[in-house]
Amino acid sequence: MDDNEDASVITPDGLQCLLDVLTARGYEVIGPRLRDQAIVYDALSGIEELPVGWTDEQDGGHYRLKRRSDEALFGYAVGPHSWKRFLHPPRIPLWQAVRDDGQMRFVPVRDEPPRYAFLGVRACELAAMDIQDRVLLQGHYADPHYQSRRKRAFLVALNCSEAGGTCFCDSMNTGPDVREGYDLVLTELLDGEDHAFLVCSGSEEGEAVLAELPQEPATEAHLVAARAVVERTRSNMGRSMPQTAIPALLMDNLEHPRWAEVADRCLSCANCTMVCPTCFCTTMEDTSDLEGATAERSQRWDSCFTSDFSYIHGGSVRTSTRSRYRQWMTHKLATWVDQFGTSGCVGCGRCVTWCPVGIDITEEVRAIHDDVSSGGRE
Amino acid sequence: MVPEPVRVLRRWQELDAVWTLELEPVKTGGRSFQPGQFNMLYVFGVGEVPISLSGDASETAALVHTVRGVGPVSNKLVALQPGDTVGLRGPFGVGWPMAAAEGSDVLIVAGGLGLAPLRPAIYHLMHHREKYGRVILLYGTRSPEDILYAGELAEWGERADLEVQITVDHAVSDWQGKIGVVPALLPTLDFDPEDTVAMVCGPEIMMRFTVNALRDAGVEDEAIFLSMERNMKCALGHCGHCQFGSTFVCKDGPVVSFDRVRGLLSLKEF
Amino acid sequence: MKNIAQIVCEHPFFHGLDGEFCDLVCGCARNVRFNPGEYLFHEGGDADYLYLIRYGQVGLEIAVPGKPPVSFQTLHDGDLVGVSWVLPPYHWSYDARAITLTRAIAMDARCLRKKCDDDPALGYEVLKRLLPILTSRLQATQMQILDVYAAPEQSP
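Below you will find a few notes about this structure.

## Looking at the interface of chain B and chain C
Consideration 1: Chain B puts 28 residues into the contact, and the matching count from chain C is 28 residues.
Consideration 2: Both sides of the chain B and chain C interface together cover about 2,300 Å² of buried area, and 59% of this is carbon and sulfur.
Consideration 3: Our enumeration of links across chain B and chain C arrives at one salt bridge.
Consideration 4: Of the charged contacts, one joins Arg142(B) and Asp147(C) as a salt bridge, the two residues approaching to 2.7 Å between their closest N and O atoms.
Consideration 5: The interface formed by chain B and chain C holds six residue pairs in polar contact (both at pLDDT 80 or more) in total.
Consideration 6: Breaking the side of chain B that touches chain C down by element, the ones donating at least two residues are helix H1 (72–78), strand E8 (135–141), strand E10 (171–172), strand E11 (178–179) and helix H4 (204–217) of chain B.
Consideration 7: Residue contributions to the side of chain B that touches chain C peak at three residues, all from H4(B).

## With respect to the state of the cysteines
In protein chemistry, a disulfide is the covalent bond that joins the sulfur atoms of two cysteines.
Consideration 1: A full pass over the atoms with the stated rule returns two disulfides over all chains.
Consideration 2: Each bonded cysteine of chain C is numbered by sequence order, and under that numbering the disulfide pairs are 1-2, 3-4.

## Quick word on the interface of chain A and chain B
Consideration 1: Across the contact, 52 residues belong to chain A and 39 residues belong to chain B.
Consideration 2: With both sides pooled, the region where chain A packs onto chain B buries about 3,800 Å², and carbon together with sulfur makes up 59% of that total.
Consideration 3: If you sort the residues of chain A by the area they bury against chain B, Met104(A), Phe106(A) and Tyr141(A) come out on top, with a joint share of 17%.
Consideration 4: Where chain A meets chain B, there are one salt bridge.

## Let's talk about the packing of helix H2 (residues 115–127) of chain B against helix H3 (residues 150–158) of chain B
Residue and element names in this part refer to chain B.
Consideration 1: One can describe the packing of H2 onto H3 by two numbers: an axis separation of 13 Å at closest approach and a directional angle of 35 degrees. Handedness of the H2/H3 crossing: left-handed. Facing H2, whose interface residues are Leu115, Arg119, Ile122, Tyr123 and Met126, H3 presents Glu152, Leu153 and Trp156.
Consideration 2: Of the residues contributing to the contact of H2 with H3, the split by class is six nonpolar, no polar and two charged.

Reading the values: the criteria
Residues numbered from 1 in each chain as written. Chains lettered and ligands numbered in written order. Predicted model: local features only at pLDDT ≥ 70, side-chain atom pairs only at ≥ 80, totals over all residues. Heavy atoms only, no water. Contact = heavy atoms within 4.5 Å. Buried area = accessible area lost by both parts, 1.4 Å probe. Salt bridge = Lys/Arg side-chain N within 4 Å of Asp/Glu carboxyl O. Polar contact = N/O pair within 3.5 Å; in protein donor to acceptor, adjacent residues only side chain to side chain. Helix = DSSP H or I, 4+ residues; strand = E, 2+ residues; numbered from the N terminus. Disulfide = S-S within 2.5 Å. Axes fitted to C-alpha atoms, helices over the stretch in contact; angles between N-to-C directions. Left-handed = near helix turned anticlockwise from the far one by under 90°. Nonpolar A, V, L, I, M, F, W, Y, C, P; charged D, E, K, R; others polar.

This is the structure we're talking about:
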């Protein structure tokens with residue numbers, strides 16, 4: 001977005017060319033599609049498969065698709081899926097144990113993921129990928145499954161033209177403008193019958209792909225229009241995170257009565273952790289065949305809201321919903337900073353939208369903050 | 001991530017439902033470890049559990065683990081026979097501060113099976129006895145019948161360069177030793193709290209009471225080390241299960257200094 | 001040979017006590033000795049004496065029907081045996097038995113109580129020395145009740 005000198009403009013047909021070029025280069029293109037009355041991420045072969053002319057209405061515990069008055073291709077906010085579904089899949093078989101003559105052998109399961117090209121990666125989602133990189137790649141052990149998917153992925157980012165009712169990326173300083181970590185970045189420009197995309201490249205491969213597309217150089221008017229799109233989105237955020245030192249606020253108030261109040265509403269259903277683009281927890285699943293000759297281990301998504309998440313011999317450490325919600329939120333917003341040098345929240349709003357009872361993380365922070373700054377309750 | 005097959009060389013019973021296994025890697029031979037580290041042991045088709053290394057780190061041929069059968073995996077582990085194979089990943093984690101404690105007095109406080117992860121530290125101290133000041137071992141357990149490594153404790157008690165005190169929660173009348181809880185031994189010790197590194201392992205409640213007694217005696221939080229227990233699945237800091245505040249017990253621990261967990265240890269359900 | 005005043009005032013329980021107070025409490029003290037197995041007192045008995053161990057080991061026990069008595073605490077050099085003498089109705093709530101040859105100072109409890117009543121400053125001094133023993137006993141009991149070393153319940 002900052003580097004406007006090489007900005008180009010492509011048409012919706014040019015976007016189809018982008019899909020074709022990426023496919024020709026061996027990528028499996030994944031992008032937003034309509035399914036089950038939601039906008040999800042799935043394999044994409046043509047731009048007509050995009051949710052053309054659709055938008056979404058989002059609020060705490062509320063998600064509805066609605067018709068737009070235009071034919072925008074990206075006129076909606078994020079849905080229940082995030083790219084973590086592809087980079088850090090819900091289930092990965094790890095290895096098989098084979099027993100013959102009483103001896104055990106271990107055979108790693110070959111992991112051959114496709115090279116993914118993601119179309120329409122929002123700024124908050126790029127921030128989420130950066131966070132998962134820190135968790136899964138930058139420690140003393142790099143997750144090979146994540147690494148092979150992430151390193152080979154081609155990212156077509158998107159400056160947001162629509163803020164959802166639960167979005168608060170602006171107050172988390174992760175969006176709505178795309179800043180770094182992409183191969184190409186698009187801004188959708190819609191003006192009456194004029195429908196175009198401003199495109200900038202952010203990598204060598206992005207530049208090479210862009211060179212293969214039919215394009216025109218961007219004019220000053222295009223650039224002004226693109227900036228206006230982002231600024232309009234920024235001013236339409238549905239939520240905002242209180243601007244305060246959140247880690248200290250939460251860690252100094254681990255026994256605040258608000259935790260019990262939110263626990264009264266929380267169903268401990270784990271939806272927030274499943275839709276969160278940074279939640280990374282997994283468990284190991286061991287199975288064996290009926291003959292007892294082979295056994296298999298898989299890694300699958302887990303959630304700190306489940307009862308056996310904190311199980312140690314004798315019982316679970318966190319049995320109450322209060323303690324589980326507190327664990328999730330203090331990790332996301334406080335201890336995450338100690339662990340990885342960044343908040344674990346990118347302000348995408350998914351946990352708010354997909355919470356069946358509409359618990360709002362920004363509201364929970366605000367409640368503790370307001371209570372503490374007003375001197376606490378009697 | 002993929003375990004290595006290890007064979008059970010020998011096994012012997014320590015206590016009721018508590019066995020020690022001597023394991024030998026099938027292919028690669030021995031492997032080294034630091035006192036306080038743990039391995040993940042996998043039982044075919046059942047699952048995997050973290051078990052601390054409890055042998056002598058200077059003898060790498062066999063890996064020694066003391067296991068109490070309490071769940072599906074550990075019950076299978078204690079029933080293994082010589083020649084059986086299990087899967088092993090490890091060693092993992094940060095162990096006892098053996099190097100940092102050089103030049104200081106070392107006070108080891110163990111409770112129950114918590115002696116197992118401390119035994120490699122005791123072996124290390126004895127092998128490098130000249131590098132340390134006084135070495136005191138306080139051991140508390142339930143009853144005289146529940147004393148782990150009783151024979152070795154008796155031998156250590158005979159040594160002039162090791163001060164050993166054993167206490168039990170309760171006993172019948174033929175027990176001639178001490179009865180009472182292990183933190184209560186601290187005020188009776190004439191030790192230098194400013195030049196002592198304390199290494200504590202046992203049930204979490206015992207560790208909390210012990211830490212309180214150590215702090216009352218004047219030991220700095222930074223000089224008190226605990227071996228924590230939390231659920232562990234991957235042992236690599238990726239699965240999230242073992243988090244205790246900002247600490248991943250599997251990779252930042254299991255041994256942590258008390259200043260790192262201060263304020264959180266006594267918090268309910270944290 | 002040390003006189004009884006020296007022995008009393010050097011014992012940790014009275015150590016550092018003001019000289020005048022020391023003279024007062026010494027009037028209640030005498031030397032005693034218990035052979036291994038000999039009881040200092042029994043549950044339910046009158047708490048007429050408290051004992052300051054000089055050397056030796058004493059076990060506090062509860063009798064269990066049909067089983068050997070269970071000991072829940074041992075006391076050693078420098079420890080005080082017995083706290084029931086300070087509160088009415090002055091009855092022991094457990095047995096105390098010498099495990100090794102034990103030399104102790106027996107303090108006449110009636111005598112000490114009277115002196116504490118007559119001089120509240122002395123009484124306060126004695127209570128301040130007694131309370132930490134009571135609280136540490138209480139903390140130890142908490143830990144013992146929790147049975148922290150017990151094998152956890154078998155999980156399915």
